Amino acid sequence: MAISQLNQLYASASPTPQDKGRTCRYAGQAVRALPIRVITVGKKRSEGVRLLVDEYKTKLKPYCSFEDSLVRSNPRNAQDVRAQVEDEEVAMMKLIGSDDWVVVLDERGRDIDSEAMAELLGDAGNSGASRISFCIGGAYGHGRQVRKRANVTIRLSSMVLNHQIALVVLMEQLYRSWTILKGQNYHH
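Parameters and conventions
Residues numbered from 1 in each chain as written. Predicted model: local features only at pLDDT ≥ 70, side-chain atom pairs only at ≥ 80, totals over all residues. Heavy atoms only, no water. Core = buried A, V, L, I, M, F, W, Y, C linked by side-chain atoms within 4.5 Å. Buried < 20%, exposed > 50% of the residue type's maximum accessible area, 1.4 Å probe, protein only. Helix = DSSP H or I, 4+ residues; strand = E, 2+ residues; numbered from the N terminus. Contact = heavy atoms within 4.5 Å. Phe/Tyr/Trp six-rings, centres within 6.5 Å; stacked < 30°, edge-to-face > 60°. Lys NZ or Arg CZ within 6 Å of the ring centre and 35° of its normal. Salt bridge = Lys/Arg side-chain N within 4 Å of Asp/Glu carboxyl O. Pairing = 2+ DSSP bridges. Right-handed = clockwise from strand over helix to strand, strands pointing away. Axes fitted to C-alpha atoms, helices over the stretch in contact; angles between N-to-C directions. Parallel < 35°, antiparallel > 145°, perpendicular 65-115°, else oblique. Nonpolar A, V, L, I, M, F, W, Y, C, P; charged D, E, K, R; others polar.

- Under the annotation held in an unreviewed UniProt entry, the protein carries the name Alpha/beta knot methyltransferase and is attributed to Arabidopsis thaliana x Arabidopsis arenosa.

Next comes the structure, spelled out in structure tokens:
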């Protein structure tokens, strides 16, 4: 499936109640495992978050290679919010490759369930991209360039989440997605 077709697929509405209980269209099939990079804007992580992230990195190893990149929030200590977001955006864009499949996490993004997240990984693997980059913004969100670069924008919750909490939820959902794709018993 071409990237433009996938963009149209993910631009559609949120899952309906009829989607609950459905199975992933890739479940049990061979899926090209793209390397995953999670780019998070923030400050030093708490010990608890580091332990959880490390645990999920270990769990993801059998499925895909994984890289975790932390972009320093407000690197120039700007007082202006726009300047802060622009500085964070410049650092984030430097980490995104030209052939990455980019997933922006934003509370205004598309609401997807775990099966749809698994399908997103499967679709990205079939897109011709070389890596999936998940982008978690800072306190004031993402800049225009990052939003424009996104192949898809999703949300983990309709509530605003602290970047550390969003990272932990994303890591668990990535692991859950791979178990769905492999037909394993973690997700039920």
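**Looking at the nonpolar core**
So, step 1. Residues Ile-36, Val-38, Val-103, Ile-132, Phe-134, Leu-174 and Trp-178 are the most contacted members of the largest nonpolar core, which totals 39 residues.
So, step 2. Mapped by element, the contributors of at least two residues to this core are strand E1 (36-42), helix H2 (47-60), strand E3 (100-111), helix H4 (114-125), strand E4 (131-136), strand E5 (152-155) and helix H6 (163-181).
So, step 3. Discounting chain neighbours no more than four positions away, the residues touching Trp-178 are Val-31, Ala-33, Ile-36, Leu-60, Tyr-63, Cys-64 and Leu-121.
So, step 4. Counting residues in each nonpolar core, the second largest holds ten residues, with Ile-39, Val-41, Val-71 and Val-146 among its members.

**Regarding the packing of aromatic side chains**
So, step 1. Per the counting criterion, the structure on display carries three aromatic pairs.
So, step 2. Arranged with centres 5.9 Å apart and planes meeting at 10 degrees, the rings of Tyr-63 and Trp-178 form a pair that is stacked. Here Tyr-63 is found in the loop between H2 and strand E2 (66-72), whereas its partner Trp-178 is found in helix H6, with 115 residues between them in sequence.
So, step 3. Judged by relative accessible area, Trp-178 falls into the buried class, the value being 2%.
So, step 4. Put simply, the rings of Tyr-56, Tyr-63, Tyr-175 and Trp-178 touch in pairs and so form one group of aromatic residues.
So, step 5. Its end group placed over the ring of Tyr-175, Lys-59 keeps NZ or CZ at 5.2 Å from the ring centre.

**Focus on the pattern of salt bridges**
So, step 1. A full pass over the atoms with the stated rule returns twelve salt bridges.
So, step 2. For Asp-111, the salt bridge identified is with Arg-155, shortest N-O distance 3.9 Å. Residue Asp-111 is found in strand E3, and its partner Arg-155 is found in strand E5; the two are separated by 44 residues along the sequence.
So, step 3. Because the salt bridges share partners, they merge into one network encompassing Asp-106, Glu-107, Arg-108 and Arg-147.

**Description of the pairing of E3**
So, step 1. Counting buried positions along E3 yields nine of twelve residues, so the element is predominantly enclosed.
So, step 2. When E3 meets E4, the two strands line up parallel, connected through six bridges. Within E4, the residue paired with Val-103 across the bridge is Phe-134.
So, step 3. With respect to chirality, the unit in which E3 leads through H4 into the neighbouring parallel E4 is right-handed.
So, step 4. Alignment of E3 against E5, held across five bridges, turns out to be parallel. Looking at the pairing, Asp-111 lines up with Arg-155 of E5.

**Section: the packing of H4 against H6**
So, step 1. Taken N-terminus to C-terminus, the directions of H4 and H6 make an angle of 75 degrees; their axes are 8 Å apart at the nearest point. Comparing the axis directions of H4 and H6 gives the class roughly perpendicular. Residues Ser-114, Glu-115, Met-117, Ala-118 and Leu-121 of H4 form the contact with H6, whose participating residues are Leu-170, Gln-173, Leu-174, Arg-176, Ser-177, Trp-178, Ile-180 and Leu-181.
So, step 2. Residues belonging to the contact of H4 with H6 are distributed by class as follows: eight nonpolar, three polar and two charged.

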